[in-house]
Structures are given as structure tokens and as C-alpha cells.
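Examination of the molecular architecture
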Amino acid sequence: MSNKRDHSNLKRVIVDFKKLTPEVLKLLVERYPDGYDDRNIISFKNAQGERIEAVEVLTEDTKYLVKISAKLEYTMENYDEDDYEDFDDDDPEAVVEPDPEAMDDVEDDD
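Report on the accompanying structure. (Residues numbered from 1 in each chain as written. Predicted model: local features only at pLDDT ≥ 70, side-chain atom pairs only at ≥ 80, totals over all residues. Heavy atoms only, no water.)

Helix and strand content of the protein chain: three helices and four strands. From first element to last, N terminus to C terminus, the protein chain shows the α and β order β-α-β-β-β-α-α. Across its three principal directions, the C-alpha atoms of the protein chain cover 50 × 35 × 30 Å. Per-residue burial over the protein chain gives 30% buried out of 110 residues. For the protein chain, the proportion of contacts with a sequence separation of at least 24, taken over those separated by at least 6, is 67%. Accessible surface for the protein chain amounts to roughly 8100 Å². Of this, 42% is attributable to carbon and sulfur atoms. Distance from the positive charge centre (14 side chains) to the negative charge centre (34 side chains) of the protein chain: 13 Å. (Helix = DSSP H or I, 4+ residues; strand = E, 2+ residues; numbered from the N terminus. Buried < 20%, exposed > 50% of the residue type's maximum accessible area, 1.4 Å probe, protein only. Contact = heavy atoms within 4.5 Å. Areas by Shrake-Rupley, 256 points an atom, 1.4 Å probe, with all protein chains shown as cover. Lys, Arg positive; Asp, Glu negative; His and termini not counted. Charge placed at Lys NZ, Arg CZ, Asp CG, Glu CD.)

Pasting the structure below:
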């Protein structure tokens, strides 16, 4: 029995921003504390043949492929665990879309 983790038996779940839960957001922030970069991005085609770019986080039984977007990046950068303490970990209503004006205020530091 090898102790190298086999991820092939994990459920694969594609998550777009609307379906992001506090649990998955927390996993993302923990895995990518300084944000994700091009090396972390996985590209694949979905069932409709559209190209999807996502970052991956794993739980015991699930591989989450979270679609990347400006909203995701902003929400990760401004993550505060206390914002979600009144919600269940799996509540997709908890993570609200950032205000577009707040996102416009963010300086591009690339």
C-alpha cells in the first residue's frame, strides 16, 4: 500500500463564483495565501466544449475546480473568516458578489 494519495477516486466538482461556498473559499485562501498564478491554473474543456480555467482545491472526497475570475481573485484578497461565521460551510448564498465599484478601485499591480 503506497501512501501517495490517489486523487482519481475523488468526485470532481466545477464551481463557478455563484456556487462558491465558505468552505471552498477558505480552502482556496489556505492553499493560495498569496493568490494563485499561472502555474496554478488548470485549463480544460467542459461538456459544451468551452474552455474553462480553474484552480484546484481538494477535500477528503472531492476535487473542486473553481473557475477563476476577477470576482474570485478580489474575494480571496479580501477574505475575512468572520464574514462567514453566521453561515453554514456549504451555503452558496454566503459568498456575495463583490461590488463592481470596489473592484474598480483595486489597483492593477501587474
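What follows is about the side chain of glutamate 56. For glutamate 56, the position within the fold is in strand S3 (residues 51-58). Note on glutamate 56: relative accessible area 18%, which makes it buried. Beyond its immediate chain neighbours, meaning those up to four positions away, glutamate 56 contacts Arg31, Tyr32, Ile42, Lys63, Tyr64 and Leu65.

Applying the stated criterion across every chain yields a total of two aromatic pairs. Ring geometry for tyrosine 32 and tyrosine 36: centres 6.5 Å apart, planes at 85°, overall edge-to-face. The exposure class of tyrosine 36 is buried, given its relative accessible area of 14%. Seen from their ring centres, tyrosine 79 and tyrosine 84 are 5.9 Å apart, and the 15° between their planes marks the pair as stacked. (Phe/Tyr/Trp six-rings, centres within 6.5 Å; stacked < 30°, edge-to-face > 60°.)

Moving on, we come to the environment of valine 95. If you trace the backbone, valine 95 turns up in the loop between helix H2 (70-77) and helix H3 (100-105). In contact with valine 95, other than residues within four places in its own chain, are Phe17, Leu20, Thr21, Pro22, Leu25, Thr75 and Tyr84.

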